[in-house]
Amino acid sequence: MKTFDEYKDERLLAEYMEKAVAVDRIGQSYIFEGAKGTDRQDMALSLAAALLCKGKEGQSRPCKTCHSCSLMESRNHPDCITVTHEKPSTVSVKDIREQVIDDIDIRPYYGGRKIYIIPDAEMMSPGAQNALLKTIEEPPDYAVVILIVTDAALLLETIRSRCMILSFRKEPVFVPEGEEQEEIFRRMDNILKGSKEEDAASLMSYARMLATDGKDILPDLFSYIESACRDALLTKCTAELTGGTGAGYIGKMSGMTYEGLENILQAVDRARHDILNNVAAEAVLDVLLLKMREA
Ligand SMILES: [Zn+2]
């Protein structure tokens with residue numbers, strides 16, 4: 001079990017979680033999305049341990065020394081329930097009913113909270129998701145449900161809209177090679193930061209250049225934009241928890257609204273989808289860059 005300061009790849013996420021625990025602003029349903037091998041499962045256990053920790057006032061949580069933390073370390077805490085499934089490729093209504101729905105109204109064994117972790121949540125049948133939906137709509141105030149998925153898009157919209165979605169990096173951050181790629185990423189940074197150098201005409205020529213010379217690195221460029229937006233979102237959330245300004249992205253992104261950042265993320269999704277479906281890349285990129293400029 002890791003403490004929040006042990007996360008190197010997910011520093012912003014860990015910092016957000018730590019602050020949220022410290023000021024007791026915890027949501028009741030989360031989706032941790034990311035590929036297998038990312039920190040999604042470890043972070044769910046750290047969050048559970050932090051919420052259940054009985055460490056002294058002012059101590060950082062999880063403290064790793066209290067009785068509750070040692071139960072978590074041995075994966076034997078009665079108030080942290082990891083949902084298992086009988087069939088290898090399905091989480092059924094029965095699994096959800098027996099391990100979550102029928103259990104959640106029983107008060108926590110140690111008083112505090114009760115955490116439900118659902119790994120492989122994308123394997124939940126639609127029936128299982130609908131059964132769970134009623135629970136996450138009105139959970140008892142001590143309960144926290146964490147769904148672990150590869151991609152939140154694999155869950156029903158009704159579930160997604162009730163959860164806070166936290167994304168874990170799928171790949172290491174792309175490092176551009178050579179002058180041409182460096183220039184492509186430098187200009188993308190400029191656009192993300194709202195540089196005045198980038199007007200409508202320069203965006204169009206950038207889109208043309210990307211559609212020809214930059215075609216091979218478009219997937220990396222899209223991931224780059226997404227990770228910049230996610231970092232900005234997290235920085236914003238963390239700053240709100242502590243009342244500070246956050247040491248996030250310089251320039252435009254730090255002042256962007258949640259909506260503006262979400263709009264960029266949606267536009268990237270759209271662009272990726274269109275390019276996979278062979279829509280002319282230059283037009284797709286034109287639309288994306290303009291959306292980014294407007295956001
Ligand atoms: Zn503890």
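Residues numbered from 1 in each chain as written. Predicted model: local features only at pLDDT ≥ 70, side-chain atom pairs only at ≥ 80, totals over all residues. Heavy atoms only, no water.

**Details of the overall build of the protein chain**
When you go through the protein chain residue by residue, the secondary structure sums to twelve helices and five strands. Relative to the globule expectation of 19 Å for 295 residues, the C-alpha radius of gyration of the protein chain, 21 Å, shows essentially globular dimensions. When the backbone C-alpha atoms are referred to their principal axes, the protein chain occupies close to 65 × 45 × 30 Å. Out of the 295 residues belonging to the protein chain, those deemed buried represent 47%. (Helix = DSSP H or I, 4+ residues; strand = E, 2+ residues; numbered from the N terminus. Rg over C-alpha atoms; globule rule 2.2 N^0.38 Å. Buried < 20%, exposed > 50% of the residue type's maximum accessible area, 1.4 Å probe, protein only.)

**Points about the domain arrangement of the protein chain**
Split into domains, the protein chain comes out as domain 1 (4-167) and domain 2 (178-294). Summarising the inter-unit geometry, the C-alpha centres of domain 1 and domain 2 are found 31 Å apart. Listed per partner, the contact involves twelve residues of domain 1 and eight residues of domain 2. Buried surface at the junction of domain 1 and domain 2, both sides included, amounts to about 860 Å², of which 77% is carbon and sulfur. Here domain 1 is connected to domain 2 by one salt bridge. Among the ionic pairs, Glu33 bridges to Arg230, the shortest N-O distance being 4.0 Å. Where domain 1 meets domain 2, there are one residue pair in polar contact (both at pLDDT 80 or more). At the level of secondary structure, the elements contributing two or more residues to the side of domain 1 that touches domain 2 comprise helix 1 (11-22) and strand 5 (164-167). (Domains from an automatic or database assignment. Contact = heavy atoms within 4.5 Å. Buried area = accessible area lost by both parts, 1.4 Å probe. Salt bridge = Lys/Arg side-chain N within 4 Å of Asp/Glu carboxyl O. Polar contact = N/O pair within 3.5 Å; in protein donor to acceptor, adjacent residues only side chain to side chain.)

**Here's the deal with the pattern of salt bridges**
According to the stated counting rule, one finds 17 salt bridges in the structure shown. Among the salt bridges present, the one from Lys114 reaches Asp103, with a minimum N-O distance of 3.1 Å. In this pair, Lys114 sits in strand 3 (residues 114-118) while Asp103 sits in the loop between helix 4 (93-101) and strand 3, placing the two residues eleven residues apart along the sequence. A salt bridge links Glu157 to Arg160, with the nearest nitrogen and oxygen atoms 2.7 Å apart. Linking Glu157 with Arg160, this pair stays in helix 6 (residues 157-160), spanning three residues, or about one helical turn. By relative accessible area, Glu157 is classed as partly exposed at 48%.

**Comments concerning the coordination of the zinc ion**
Ligation of the zinc ion by protein atoms is provided by Cys53 (SG), Cys63 (SG), Cys66 (SG) and Cys69 (SG), these donors lying 2.3 Å from the ion. Every donor counted, the four donor atoms about the zinc ion form angles of 103 to 117° at the centre, which fits tetrahedral coordination. (Donors = N, O, S within 2.8 Å, 3.2 Å for Na, K, Ca; no water. Tetrahedral: all angles 85-135°; square planar, octahedral: opposite > 155°, others 65-115°.)

**A word on the packing of helix 9 (residues 218-242) against helix 12 (residues 281-294)**
Packing of helix 9 against helix 12 leaves a shortest axis separation of 14 Å and a crossing angle of 15°. In terms of orientation, helix 9 lies roughly parallel with respect to helix 12. Of the two elements, helix 9 crosses helix 12, and the hand of that crossing is left-handed. Residue-level contacts link Leu218, Phe222 and Ile225 of helix 9 to Leu285, Leu288 and Met292 of helix 12. Counted by class, the contact of helix 9 with helix 12 contains six nonpolar, no polar and no charged residues. (Axes fitted to C-alpha atoms, helices over the stretch in contact; angles between N-to-C directions. Parallel < 35°, antiparallel > 145°, perpendicular 65-115°, else oblique. Left-handed = near helix turned anticlockwise from the far one by under 90°. Nonpolar A, V, L, I, M, F, W, Y, C, P; charged D, E, K, R; others polar.)

**With respect to the pairing of strand 4 (residues 143-149)**
Regular strands show a simple pattern: their side chains alternate between the two faces of the sheet. With seven of seven residues buried, strand 4 is to be regarded as a mostly interior element. Burial along strand 4 is two-sided: the face carrying Ala143, Val145, Leu147 and Val149 and the face carrying Val144, Ile146 and Ile148 are both buried. Here five bridges tie strand 1 (residues 29-33) to strand 4, and the two strands are oriented parallel to one another. Paired with Ile31 across the two strands is Leu147, which belongs to strand 4. With five bridges joining them, strand 3 and strand 4 adopt parallel strand pairing. The partner of Ile118 across the bridge, within strand 4, is Leu147. Tracing the backbone out of strand 3, into helix 5 (residues 126-137) and back to the parallel element strand 4 gives a crossover that is right-handed. (Pairing = 2+ DSSP bridges. Right-handed = clockwise from strand over helix to strand, strands pointing away.)

**Concerning helix 11 (residues 258-276)**
For helix 11, which comprises 19 residues, the first-to-last C-alpha distance of 27 Å matches the rise-based estimate of 27 Å (1.5 Å per residue) to within 8%. Taken as a whole, helix 11 has its buried residues at Gly260, Leu261, Ile264, Leu265, Ala267, Val268, Ala271 and Asp274. Positive backbone phi, approximately 60°, marks Asn278, located one or two places after helix 11. (Expected span 1.5 Å × (residues − 1).)

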